[in-house]
Amino acid sequence: MIKKPNVIEKWQKRNKYGRPGTPLSATKIAIHYTGKPDVDGDKTVSYFNNVVANGYKIGNRYIFASSHYVIGLGGEIYQLIPTNEICYATNSANSYAIAIEVATTGSDNHYTDLTYKSMVHLCAWLCSYKNLDCKKDIITHTDVVGKKYKLCPIYMVKNPDKMQQFKIDCDNLKQGKITVNDIINCTSPNYNKKINDNAKFDSDNSTSSKNQGSGEQNTDIPKMIKIIHDVNYHKTPDFKNSSIAGIALCGEVFTVSQLIKRNGTDMYKLKSGYYITTHAKYVEKYK
Ligand SMILES: [Zn+2]
């Protein structure tokens, strides 16, 4: 079973504006965003717990708003309300959904790598804990209220393919097919981009093996590798431009599942299913 992520408890006091204490039997998990990019999680927590919960009026009307969880820009996960009580986040779905407010960044409101990892980890764990199906039971606020009412979370609503990938990442983590380290942020501006790396010194048509035995390739199979130079990762075990799936950034760590022997520069198959060079200029053994 998947390990529970680190959760910072910031329990909200009982109050009619955010934590009424109504029992909840959760069958869905709803993702939200706060409406503005680069608002960190602690600010959102403080708004719910110290402003709204005390009775906060805009015009003549009190605000009723809360969330079970808030995720910050550094991947911090805060919990405000127990998952067996309702919160006020998802309109008509409040009676059956756990809500997660997730901080976003940039003008398109995408997620930082750390936020994305925490979002996948938390959702995968909640699905496991509540016996839910990641592919069916993780929803957006917009799924409940419709696009005319609200685009929330706006990035996922505008990029349904990323929402799809997010649910697949959650499912893969829940099933143990990947680890938290293997999660790749599909909302990153670097995702699906290419860089001009020099990770391949051979040609796929070449029959020479001049790199082999030169000491440049890492030939033992590490459990994990660390990227020491930005490099493309590929969908298939080759260095073709058409197979590039994205950029692995300096400092990122990946789990290796297999060494792929090639005619030329070998590749690691990563636990995420992607392939990356073994070249010592780009990767080093981490564990
Ligand atoms: Zn929302």
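Conventions and cut-offs
- Residues numbered from 1 in each chain as written.
- Predicted model: local features only at pLDDT ≥ 70, side-chain atom pairs only at ≥ 80, totals over all residues.
- Heavy atoms only, no water.
- Helix = DSSP H or I, 4+ residues; strand = E, 2+ residues; numbered from the N terminus.
- Domains from an automatic or database assignment.
- Contact = heavy atoms within 4.5 Å.
- Buried area = accessible area lost by both parts, 1.4 Å probe.
- Salt bridge = Lys/Arg side-chain N within 4 Å of Asp/Glu carboxyl O.
- Polar contact = N/O pair within 3.5 Å; in protein donor to acceptor, adjacent residues only side chain to side chain.
- Nonpolar A, V, L, I, M, F, W, Y, C, P; charged D, E, K, R; others polar.
- Buried < 20%, exposed > 50% of the residue type's maximum accessible area, 1.4 Å probe, protein only.
- Pairing = 2+ DSSP bridges.

Structural notes on unusual backbone geometry
Right, on to step 1. Cys152 connects to Pro153 through a cis peptide bond whose omega is -10 degrees.
Right, on to step 2. Here Pro153 is to be found in the loop between helix 4 (141–145) and helix 5 (154–158).
Right, on to step 3. Positioned with a positive phi, Asn91 is a non-glycine residue whose angle comes to about 50 degrees.
Right, on to step 4. Mapped onto the elements of the fold, Asn91 is located in the loop between strand 6 (77–79) and strand 7 (97–102).
Right, on to step 5. For Asn109, which is not glycine, the phi torsion reads 60 degrees and is therefore positive.
Right, on to step 6. Tracing the backbone through its elements, the reader meets Asn109 in the loop between strand 7 and helix 2 (113–129).

Thoughts on the domain arrangement of the chain
Right, on to step 1. Assigned domains within the chain: domain 1 (8–182) and domain 2 (190–287).
Right, on to step 2. The gap between the C-alpha centroids of domain 1 and domain 2 is 36 Å.
Right, on to step 3. Residue-level contacts link nine residues of domain 1 with eight residues of domain 2.
Right, on to step 4. Roughly 640 Å² is buried in total at the junction of domain 1 and domain 2, and carbon and sulfur atoms are behind 44% of that figure.
Right, on to step 5. Where domain 1 meets domain 2, there are zero salt bridges.
Right, on to step 6. Counting across the domain 1 and domain 2 interface gives one residue pair in polar contact (both at pLDDT 80 or more).
Right, on to step 7. Within the side of domain 1 that touches domain 2, the residues separate by chemical class into one nonpolar, four polar and four charged.

Re the pairing of strand 7
Right, on to step 1. In terms of residue burial, strand 7 counts as a mostly covered element, since six of its six residues are buried.
Right, on to step 2. Residues Ala97, Ala99 and Glu101 point to one face of strand 7 and Ile98, Ile100 and Val102 to the other, with burial holding for every one of them.
Right, on to step 3. Sheet topology note: the strand 2 (residues 28–32)/strand 7 ladder contains five bridges and is parallel. Paired with His32 across the bridge in strand 7 is Glu101.
Right, on to step 4. Of the pairings in the sheet, the one linking strand 5 (residues 69–71) to strand 7 comprises three bridges and is parallel in character. Along strand 7, the bridge assignment pairs Ile71 with Val102.

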